[in-house]
Amino acid sequence: KAGVTQTPRYLIKTRGQQVTLSCSPISGHRSVSWYQQTPGQGLQFLFEYFSETQRNKGNFPGRFSGRQFSNSRSEMNVSTLELGDSALYLCASSLPDSPYGYTFGSGTRLTVV
Amino acid sequence: TQLLEQSPQFLSIQEGENLTVYCNSSSVFSSLQWYRQEPGEGPVLLVTVVTGGEVKKLKRLTFQFGDARKDSSLHITAAQPGDTGLYLCAGRGSTLGRLYFGRGTQLTVWP
C-alpha cells in the first residue's frame, strides 16, 4: 500500500513569505501529526489532527497553522517566514486511536533565505 | 527540557562491535517506540513496546522496556555499516496522547 506522501520534497522561500506543505496519509489512517526537525532541537511536535479536528498542539507561534480535510489529507502553513524556520518538516499518520507508532513521510526540506 | 533523554548522542564504532543506546525519562509511558532515520528521509518505525519489562528482538537488535515503563534500551549485536543512522526513541504518555521524541543517537558503523 502507498506510504505517507509529502509534497513538495524541497522548497526555497524568502523571509517574509508564506508556505503551504501537504501530507497525504496512508489510506485508513485518520490521525496526522506534524513535526519540525532541526539538527539542534531534534523533532519538535507541531500539531496533531484527527477527523478534521486539532487534537494536540505544540509550543510553536501562531504563524504555524494546519488543517485536515475530510479525506484525512492535511496541510500546514507557515506565514511570515523567518530564517529559523529552515528545517525538515515531517508528517506522520497512524491508525485511529492506535497506541502504537507512526508512519512518517520523507519530509519537506524548507530553506528560508 | 526534553522529556526523553537519549545517550550517547553520538556513537562511532567498527563493524562487528556490540553497542547499547539508552532512552531515559522521569515520566511513565503507556508505550515506547524506536525509530531509525537515514539522511533526507523520515524516521522508520523499528519496534513498539508496551509492557513493563518487555523484551523484543528484531534480528541483531534487542529492545527492552524498563519495568517501570520510564526507560528503554536498544542493543545491537555485531553492528554492520548498514546499521548506520539516527536512532530515535519516542514515548506516548497515554493511549491517545502525542508522541514525545528524544533527540536521537547518531550511530556510525565503519567497515
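In the block above lies the structure referred to throughout.
Residues numbered from 1 in each chain as written. Chains lettered and ligands numbered in written order. Predicted model: local features only at pLDDT ≥ 70, side-chain atom pairs only at ≥ 80, totals over all residues. Heavy atoms only, no water.

Novice: Pulling in residues and values, what's your account of the overall build of chain B?
Specialist: Counting its regular elements, chain B contains 0 helices and 11 strands. Helices and strands appear in chain B in the N-to-C order β-β-β-β-β-β-β-β-β-β-β. For 111 residues, the compact-globule estimate of 2.2 N^0.38 gives 13 Å, and chain B sits close to it at 13 Å. Principal axes of the C-alpha set define a box for chain B whose edges measure 40 × 30 × 20 Å. Residue burial in chain B is summarised as follows: out of 111 residues, 46% are buried. For chain B, long-range pairs separated by at least 24 residues make up 54% of all intrachain contacts whose partners lie at least 6 apart in sequence. Taken as a whole, chain B presents about 5300 Å² of accessible surface, with 51% of it coming from carbon and sulfur. Computed over 10 positive and 9 negative side-chain charges, the inter-centroid distance for chain B is 8 Å. (Helix = DSSP H or I, 4+ residues; strand = E, 2+ residues; numbered from the N terminus. Rg over C-alpha atoms; globule rule 2.2 N^0.38 Å. Buried < 20%, exposed > 50% of the residue type's maximum accessible area, 1.4 Å probe, protein only. Contact = heavy atoms within 4.5 Å. Areas by Shrake-Rupley, 256 points an atom, 1.4 Å probe, with all protein chains shown as cover. Lys, Arg positive; Asp, Glu negative; His and termini not counted. Charge placed at Lys NZ, Arg CZ, Asp CG, Glu CD.)

Novice: Tell me what's going on with the environment of B:Ser73, and back it up with residues and numbers.
Specialist: Positionally, B:Ser73 belongs in strand β8 (residues 71–76). The sequence separation of B:Ser73 and B:Tyr22 amounts to 51 residues, and the corresponding C-alpha distance is 4.6 Å.

Novice: Give me the lowdown on the side chain of B:Asp83, citing residues and values where you can.
Specialist: Residues and elements named next belong to chain B. Residue placement: aspartate 83 occurs in the loop between β8 and β9 (85–92). Here arginine 60 takes part through its side chain, which lies 2.9 Å from a polar atom of the side chain of aspartate 83. Apart from the residues within four sequence positions on either side, aspartate 83 is in contact with Arg36, Arg60, Ile76, Leu107 and Val109. (Polar contact = N/O pair within 3.5 Å; in protein donor to acceptor, adjacent residues only side chain to side chain.)

Novice: Tell me about the interface of chain B and chain A, residues and numbers included.
Specialist: Each partner contributes to the interface: chain B provides 22 residues, whereas chain A provides 22 residues. Of the roughly 1700 Å² buried where chain B meets chain A, counting both sides, 51% is carbon and sulfur surface. Two residues, A:Arg9 and B:Glu41, come together in a salt bridge whose shortest N-O distance is 3.9 Å. Linking chain B with chain A are 5 residue pairs in polar contact (both at pLDDT 80 or more), by the criterion used here. (Buried area = accessible area lost by both parts, 1.4 Å probe. Salt bridge = Lys/Arg side-chain N within 4 Å of Asp/Glu carboxyl O.)

Novice: An account of the pattern of salt bridges is requested, with residue identities and associated values reported.
Specialist: Residues and elements named next belong to chain A. In this structure the tally under the stated criterion is 9 salt bridges over all chains. Where arginine 63 meets glutamate 82, a salt bridge forms, and the shortest distance between an N and an O atom there is 3.6 Å. Here arginine 63 is found in the loop between β6 (53–57) and β7 (64–68), whereas its partner glutamate 82 is found in the loop between β8 (74–78) and β9 (87–94), with 19 residues between them in sequence. Notably, a salt bridge pairs arginine 63 with aspartate 85, separated by 2.8 Å at the nearest N-O pair. Residue arginine 63 is located in the loop between β6 and β7, and its partner aspartate 85 is located in the loop between β8 and β9; the two are separated by 22 residues in the primary sequence. Judged by its relative accessible area of 15%, arginine 63 is buried. Overlapping salt bridges, with partners in common, bring together Arg63, Glu82 and Asp85 in one network.

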